[in-house]
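# Understanding the architecture of this molecule
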Amino acid sequence: MLRSTPMKHVRLLVLTEDLPQASLALADMESFHPDTRPPTEVRLAGLPGREYREVFAQANARLEKIGKLIPVPETPEIEQVRVVDFAELQTLNAWLGKVWNETSSYEEDLRRLDDEERLVKEQQAALANFAHLNIDLGMLRSKTRFLDFYVGLVPRENLRQLEGAIGLAGYILHLYMQQDENAHVVIVGPAGTKESQLSAVLDAAGFQNLPIPQELDRNPAELQRDLDAQRASIDAQRKTLLETLARWSDPFSGPLLEARRTLLLAEPLVSLDPSIRSAGYLAHLAGWVPARSVERLDARLRESLNHPFEMSVRNPTSDERPLVPTVPAKSWILSPFAMLVKQYGVPEYGEVDPTPLFAVTFVLMFGSMFGDIGQGAVIALAAWLLRKKLGRFWPFGLMAGLSSMVFGVLFGSIFGEEHLIPALWMNPLSDPLLMLRIALGWGVIFLTLACLLAIYNRLVVRNWSGAVFGHHGIINLTFYLALISGAVNVATAGEGVPGVRVDAADAFGTLPMVLAIGALLALAAHSWRHQQGAVGEKILVVFIETLETLIGYVSNTLSFLRVAAFSLNHVALSIAIITLASMMGAFGHVVPLILGNIFVIVLEGGIVMIQVMRLQYYEGFSRYFSGNGHEFAPLKFRRGSA
Amino acid sequence: MTIIADNAYLNTRVSVMAMQLFEPSGIAALSHLPLATLAERFGLTAILDEQQSTRARSRAVEQSLIQVLLAELLILVRPMNTAERALVLDWGRKYALFNLKTLIRGKLYDLDQKEIQDNLYVLPEHMRLSEEVSTELFRAENVLELLRQLEAGTHRTLARQAREVYEQQREPFALEAAIDQRYYAGLLRQVMAFSDANLDPLKRLMGAELDRINLMWLLRFRFSYQLSASETFYHLVPSMRLLTRERLLHLVNVETFEGVVATLPAPLDRLLAGSKNIVDVQKRIGAYAAQEAHWVLHRTQSGVARALAYLMLRERDLLLLFALAQGQILNLPSAAIEIAVELSEPGCPWAGSRAA
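Cut-off values and rules
Residues numbered from 1 in each chain as written. Chains lettered and ligands numbered in written order. Predicted model: local features only at pLDDT ≥ 70, side-chain atom pairs only at ≥ 80, totals over all residues. Helix = DSSP H or I, 4+ residues; strand = E, 2+ residues; numbered from the N terminus. Buried ≥ 20, exposed ≤ 12 C-beta atoms within 10 Å, placed from the backbone. Contact = placed C-beta atoms within 7 Å. Axes fitted to C-alpha atoms, helices over the stretch in contact; angles between N-to-C directions. Parallel < 35°, antiparallel > 145°, perpendicular 65-115°, else oblique. Nonpolar A, V, L, I, M, F, W, Y, C, P; charged D, E, K, R; others polar. Expected span 1.5 Å × (residues − 1). Pairing = 2+ DSSP bridges. Core = buried A, V, L, I, M, F, W, Y, C linked by C-beta atoms within 7 Å.

### Observations concerning the overall build of chain B
Counting its secondary structure elements, chain B contains 21 helices and zero strands. With 356 residues in all, chain B has 36% of them scored as buried. In chain B, 62% of the contacts between residues at least 6 apart in sequence involve partners at least 24 apart.

Spelled out as structure tokens, the structure:
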């Protein structure tokens, strides 16, 4: 379960004319991850699919654009898998171009109506503003003998520059209103020669003329009614246009759906394009296939291709390991944990997949730090009720809640109340030291496990030196276990013999001492051999590295004290809430109890989750998990159904 | 912490990188190197690929020099804080705007997609127009569709006015001028948002750059494109140093090239006195801006200002290098190449007639 799915490298040599058929077969199998490296044979240098890809991209873009006005299903059923040849793709592309040309005129009309509507709205706003002025607005509508008037909108950011520019032509600008990103302005200046200059500046500044309606001396309510009528007319025009569009596009629905299907069938060849090389009639393509699927793939190709082909299969070489994709775990229960692991990285091929281990340790740590039957039940219930919204993530909440409930039974806690049911094991606060010891013990087990996985990962890729001397390798683990063993000896020395003081150096034990010092010396020697520079610099670096190893393991182990600290903290918070509730009397008891529990679930639950993630990422993953891999992404139809 | 302690790493980086800036004598030496040596020294192997067309080779050289500049930019922004990084990245985004303008022109003149693609710069991820925007723009089938795509994005207002102008005039000048204006106005806003010890050096650096840009645009728009004073002023971005809003309002009203040069504020009046044409002015104001950038690089402690100054100078050097390489690819006479890299005065008759 922890090992990667074994993969094979598959190389196919097919006739170029069989390429489309091969791509369909490969997509249908959903087990071929293309390898884009060029083949070693220099003669296989041609790129046969480039033109096909270009035409496909254009056709696809056209269909997407058309789809914005005429609904076309994204992923229709593919009833029959068939080859889409270049000529068919070209014909389809040309037809889509024609349809888009006509569709785009409708889009342009809709946009024009939007612009008109926006202008009417601005006009309404402007007139509402003019209503407060005591001037003859009719004057603004037309030129006078000596003066030109322009009333309109200009983008706010252009305002200051425009004011300076028109000032040069002898005009003045008056700002009377600002709305959204536009400024409403009146521009006044001398009529005559400078008018053409002004018009160029106004164009450059994006000035939009705001027509002043006739008969401004009418009742403002009447004017508003006129403008409302204009808006209603625009709405009606839009409705009519959409109906016309719907009528016009009706005969296209079927052909457009078929076009989508054709493009879906052409897509595998386009996706394969970067990994296809050819020489004349011969085409080469390569990829990674799960070992269990190789035989089926071979059979499928034999069944599908019209001409002979050559398929060679081999194991990945050690150099190729970083290129081999990793097949993700497909268990519904593990999938939310896999998503969290993916935040850190995808396991490299051959590397242990940490998801199962992550899932178990996460659930255990979360439960022990947040043990409460009632609060756990709330989390589990919430995950269940919100399962549709949470998608694949809901089992995560369910398991965290259930774990919290199990530990709640062990600790005897229900909604923070510690005395309602007897603890199956004990209340954490009844023996905090024991809790801290257990947390430290858990830390030692966790770190040892992480080191063992790190060693295993290196052994798998035959990195012998890394497995022995590398970070968290065998020497590091020996040092750590010796240190822990010595520390246990020191802590337990003199236990049960009151009044006897034992010297820590003596109590540490000879064997642990020898092993710890020997391991540190081995690490120092290894580091010394790999350092370059002056002797003084080497001494400094080796000393610091060795010290860092020592401090690192001690602090990392102590880091697990938080597991106990949070379980104690949880009880302490619960006691605080119960105390507060009991101070409120019989009637007020319930409110602080409910609010306090909500506070604990949301805030403390969130903090505990972050702390567990931190332990997993920094104390676990950083030791044994490179996360440098990439996920298996097989060639497939966007909705594979044949 | 002081600005020195804050910027220790960045300043060290900038100082190390600044060692590769060209000395004037170095440019003269480079201009005499054969193409193969230039290619070897600066890793411009594309120059030597005889199978490629002259245009393709030239393009490949330009592309690799831009990659060098932007790679250094990305190294320099790593230790910067958010505001500093935004400023320097936005300065480098001009190459993304070049791509945007190429797309607009390509669609406007109905060029083949491959030809447009060949003329786009390949940019690092942080410097590109967003993937979605550039793909959609590239796939647009006519100018109106392109402008519609633009209207849906951050260039909304620009595109709307451009569409109106395009419908009347069918040429991209207004849109391109607006893109440039907004680019520099945006940089200016970012600089003025600094309030610490970085502000003064940045004002000096960006002020000199804006003075250079404003003067060149003013002369071109007024005397080459024959735009009115109002329209010329509208397209400028007033600087916070020499060519301020009031000075520009005054300068655009001057009717002759010589008059503008004579009306410039000190020290530009002294530096540009006797300039015969726009090429001459370009050379002198370019030298002035470079001198200011050198001052910021060597005399200030602001990491972001020094980094930006270095990048501006480095860009200038790389452009000179490109001019040298292109001159040799095109087999131009060495005298013409020397004029291009500003080693000698433009003496040929056509140079003077453009500003007349």
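Past the structure itself, the notes keep going.
### Concerning the packing of helix α10 (residues 335–344) of chain A against helix α11 (residues 355–369) of chain A
Residues and elements named next belong to chain A. Look at α10 against α11: their axes get within 9 Å of each other, and the N-to-C directions meet at 105°. Taken together, the axes of α10 and α11 lie roughly perpendicular to each other. Along the contact surface, α10 presents Phe 337, Ala 338 and Val 341, while α11 presents Thr 355, Phe 358, Ala 359 and Phe 362. Across the contact of α10 with α11, the residue classes tally to six nonpolar, one polar and no charged.

### Focus on the interface of chain A and chain B
Each partner contributes residues to the interface: chain A has 21 residues there, and chain B has 20 residues. Listing elements by their share of the side of chain A that touches chain B, those giving two or more residues are α3 (86–130), α5 (159–168) and α6 (195–204) of chain A. In terms of residue class, the side of chain A that touches chain B is built from 12 nonpolar, five polar and four charged.

### A few points about helix α13 (residues 199–224) of chain B
Quick reminder: α-helices carry 3.6 residues per turn. Residues three or four places apart thus point the same way. Residue and element names in this part refer to chain B. Along its 26 residues, α13 runs 35 Å from first to last C-alpha, staying within 8% of the 38 Å computed at 1.5 Å per residue. Most of α13 sits inside the fold, with 19 of its 26 residues counted as buried. Downstream of α13 by a residue or two, Gln 226 has a phi angle that is positive, lying close to 60°.

### Digging into the sheet that holds strand β6 (residues 208–209) of chain A
Residue and element names in this part refer to chain A. Strand order in the open sheet made by the four strands is β4-β5-β3-β6, with antiparallel pairing throughout. Edge strands, defined here as strands with exactly one partner in the open sheet, are β4 (172–179) and β6. Note that strand β3 (residues 147–155) and strand β5 (residues 182–190) share nine bridges and pair antiparallel. Note on β5: the bridge partner recorded for Tyr 150 is Ile 187. Against the sheet, α3 contacts β3, β4 and β5, and its axis sits at roughly 110° relative to β4. Strand contacts of α5: β3, β4 and β5, with the helix running at about 165° to β4, the strand carrying the most contacts.

### Details of the nonpolar core
Core analysis: the largest hydrophobic core is formed by 98 residues, its most contacted members being Ile166(A), Val201(A), Leu205(B), Leu218(B), Ala307(B), Leu308(B) and Ala309(B). Core analysis: the next-biggest nonpolar cluster, separate from the first, contains 59 residues, Leu357(A), Ile379(A), Met405(A) and Leu453(A) among them.

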